[in-house]
Amino acid sequence: MAETLARLSIGDLDLEEKHLFVRVDFNVPLKQGRVIDDTRIRAVLPTIELAVERKACIVLASHLGRPEGERRQEFSLRPVADTLSTLLNQEVAFVEDCIGSEVKERVKTLQPGRILLLENLRFHKGETQNDPDFSRQLGGWAEEYVNDAFGTAHRAHASVVGIPQILGRGAAGLLMKKELEYLSRVLLHPRHPVVAILGGAKVSDKIEVIRNLLSFADTILVGGGMTFTFFKAQGKTIGSSIVEVEKVEVARELIRSAESRGVTLKFPVDNLVAQECQPGVKTHVVNAGSIEKNWMGLDIGPCTIEEFQEEISRARTIIWNGPLGVFEIDDFARGTVEIARAVAQSRALSVVGGGASVSALVKAGVQDQISHISSGGGALLQFLAGQTLPGVEILTKRETKE
Ligand code: ADP
Ligand code: MG
């Protein structure tokens, strides 16, 4: 775990007439060549606007999807240039590659306050391989480097670590800065009680997260599909609920470890069960651990909701990742929605992350009442697991108090 997350930020840089490389996360969903959700683009507008204001020559770079090192038109960033132009009310130029002679020329002739978007970084294998030669071609011209893509900070790719390595320094964009501020408040200097809520389908994604949370959380509330691997470890009857048999031993070890550290690892006391994971099927509530054959747990039950609400209301710091049931289907969404409301109502500092978890907040209509919604899924989990992120580590440390 990093001892400090304070990093040089874009606000600290003198950008006037400087060639600035900005790594952004424009990995947005496209449909028929159009951006259908511009949330990620809007999230980096403050950074781009600041760079425009400070008269940098701004070059933006991102990946989109997984083209696996090949030029594949369906993963082109060109539609993003259009969306960005509209949002900024300023022309955003686009170049059909991220390296090469044309790019070089366009970068060289870029005027202060103007913006150039490069084509998808992952059209070249050198990006994910962090190939030094590719990094030099990609950003060797840069006079300043800014990373505003927290969502890819856990990847040691050329645009994430290669370029700041060459340049010898790197700064956080405003979105990255905000992520680091909240993560440091939650992970490095949390106010107690710290309550973590963990759900989602599989325990295997979150074992390291739970292990690390045991070192500083007071209470961990477990819900979602991963519950049943713990139940299996406790010898409970789980019917046909989702389970990872090969993780039962780890689950047992985590339960023991929580006990010896005095951390409350709280499981559901009841579950909503059905025979099929489909809308409109017959459901009922059973006590935890007594799920009949051919039935599966698809949500937490009403008593669990109450118990979890109680814990949440006492918390001063809340970390939430993973829905507590199959919330995508309304019949199994109540637990997740109620917990989302409880988190929203609490006076605690709350940080929520993960694709499904953020959709759940939107479904509950409470996304504006959360202290911080993280833009990272995998990156956030790696952070919560107590590991450092290469894309954060490489940014220039700041010698001030956090
Ligand atoms: P996030 O994207 O927020 O990190 P995960 O990817 O870990 O969350 O898990 C999300 C998935 O977990 C959802 O698609 C949800 O349907 C599923 N899930 C939650 N509870 C259950 C359950 N009881 N059985 C099966 N799947 C579940
Ligand atoms: Mg997910």
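One structure accompanies this document, and this report is about it. (Residues numbered from 1 in each chain as written. Chains lettered and ligands numbered in written order. Predicted model: local features only at pLDDT ≥ 70, side-chain atom pairs only at ≥ 80, totals over all residues. Heavy atoms only, no water.)

Quick look at the pattern of salt bridges
Then, in step 1: Across all of its chains, the model carries 22 salt bridges by this definition.
Then, in step 2: Here Asp38 makes a salt bridge to Arg42, at a shortest N to O gap of 2.9 Å.
Then, in step 3: The exposure class of Asp38 is partly exposed, given its relative accessible area of 22%.
Then, in step 4: Several salt bridges share partner residues, and in doing so they unite Lys266, Glu307, Glu310, Glu311 and Arg314 into one network. (Salt bridge = Lys/Arg side-chain N within 4 Å of Asp/Glu carboxyl O. Buried < 20%, exposed > 50% of the residue type's maximum accessible area, 1.4 Å probe, protein only.)

So, the packing of helix H6 (residues 132–139) against helix H7 (residues 158–167)
Packed helices, taken two at a time, are described by their axes: the angle between them and the distance between them.
Then, in step 1: Where H6 meets H7, the closest approach of the two axes is 9 Å, and the angle between their N-to-C directions is 80 degrees. Taken together, the axes of H6 and H7 lie roughly perpendicular to each other. The residues of H7 that touch H6, namely those facing Pro132, Phe134, Ser135, Arg136, Leu138 and Gly139, are Ala158, Ser159, Gly162, Ile163 and Ile166. (Axes fitted to C-alpha atoms, helices over the stretch in contact; angles between N-to-C directions. Helix = DSSP H or I, 4+ residues; strand = E, 2+ residues; numbered from the N terminus. Parallel < 35°, antiparallel > 145°, perpendicular 65-115°, else oblique. Contact = heavy atoms within 4.5 Å.)

Description of the nonpolar core
Then, in step 1: Of all hydrophobic cores here, the largest spans 76 residues; its most connected members are Leu118, Leu138, Ile210, Leu213, Ile220 and Phe230.
Then, in step 2: Considering every element that reaches this core, the biggest residue donor is helix H8 (residues 174–188), with seven residues.
Then, in step 3: Of the domains in this structure, domain 1 (3–177) and domain 2 (190–384) are the two that each give at least three residues to this core.
Then, in step 4: Beyond its immediate stretch of four places on either side in the chain, Ile210 contacts Leu198, Val203, Ile220, Met226, Phe230 and Leu254. (Core = buried A, V, L, I, M, F, W, Y, C linked by side-chain atoms within 4.5 Å. Domains from an automatic or database assignment.)

Looking at the site of ligand 1
Then, in step 1: Surrounding ligand 1, one finds 19 residues, the nearest of these being Ala201, Lys206, Glu328, Ala356 and Ser357.
Then, in step 2: At a separation of 3.5 Å, a nitrogen atom of ligand 1 approaches a polar backbone atom of Gly325.
Then, in step 3: Here Glu328 contributes a side-chain N or O atom positioned 2.5 Å from an oxygen atom of ligand 1.
Then, in step 4: Burial of ligand 1 by the surrounding chains reaches 79%, relative to a free accessible area of 580 Å².
Then, in step 5: Considering each element in turn, the shell around ligand 1 owes the most residues, three residues, to helix H14 (residues 355–364).
Then, in step 6: Across the shell around ligand 1, the residue classes tally to seven nonpolar, ten polar and two charged. (Near = heavy atom within 4 Å. Polar contact = N/O pair within 3.5 Å; in protein donor to acceptor, adjacent residues only side chain to side chain. Areas by Shrake-Rupley, 256 points an atom, 1.4 Å probe, with all protein chains shown as cover. Nonpolar A, V, L, I, M, F, W, Y, C, P; charged D, E, K, R; others polar.)

A look at the sheet that holds strand E16 (residues 296–300)
Then, in step 1: Here we have three strands laid out as an open sheet, ordered E14-E13-E16, and antiparallel in their pairing. Looking at strand neighbours, the two that pair on one side only are strand E14 (283–287) and E16, the edges of this open sheet. Taking each pair of neighbouring strands and ignoring which way they run, the sheet shows an average axis angle of 45 degrees.
Then, in step 2: Pairing between strand E13 (residues 270–274) and E14: five bridges, direction antiparallel. Its bridge partner lying in E14, Asp270 is registered against Asn287.
Then, in step 3: Contacting E13, E14 and E16, helix H12 (residues 302–314) runs over the sheet at an angle of about 40 degrees to E16. (Pairing = 2+ DSSP bridges.)

Remarks on the sheet that holds strand E4 (residues 57–61)
Then, in step 1: Overall, parallel pairing links the six strands, which are arranged E5-E6-E4-E1-E7-E8 in an open sheet. Only two strands of the sheet have a single partner each, and these edge strands are strand E5 (92–95) and strand E8 (171–172).
Then, in step 2: Bridge count between strand E7 (residues 144–147) and E8: two bridges; the pairing is parallel. Within E8, the residue paired with Val146 across the bridge is Ala171.
Then, in step 3: Sitting on the sheet, helix H3 (residues 78–88) touches E4, E5 and strand E6 (115–118), and the angle it makes with E5 is about 170 degrees.

Here we look at the side chain of Thr229
Then, in step 1: By secondary structure assignment, the location of Thr229 is in helix H10 (residues 227–233).
Then, in step 2: Overall, Thr229 belongs to the buried group, its relative accessible area being 1%.
Then, in step 3: From its side chain, Thr229 meets the backbone nitrogen of Glu244 in a polar contact 3.0 Å long.
Then, in step 4: Leaving out residues up to four positions away in the same chain, Thr229 has contacts with Val203, Val243, Glu244, Lys247, Val248 and Ala251.

Concerning the packing of H12 against helix H13 (residues 334–345)
Then, in step 1: At a minimum axis separation of 10 Å, H12 and H13 run at an interaxial angle of 15 degrees. Taken together, H12 and H13 sit at an angle that is classed as roughly parallel. In this structure, the crossing between H12 and H13 has a hand that is right-handed. Between H12, through Pro302, Ile305, Phe308, Gln309 and Ile312, and H13, the contact on the second element is made entirely by Arg334, Gly335, Glu338, Ile339, Ala342 and Val343. (Left-handed = near helix turned anticlockwise from the far one by under 90°.)

Remarks on the pairing of E16
Then, in step 1: The buried count for E16 comes to five of five residues, which makes it a mostly enclosed element.
Then, in step 2: As judged from the four bridges shared by E13 and E16, these two strands associate in the antiparallel manner. Within the sheet, the bridge partner assigned to Asn271 lies in E16 and is Ile300.

Treat this as a map of the structure, not an account of what it does.
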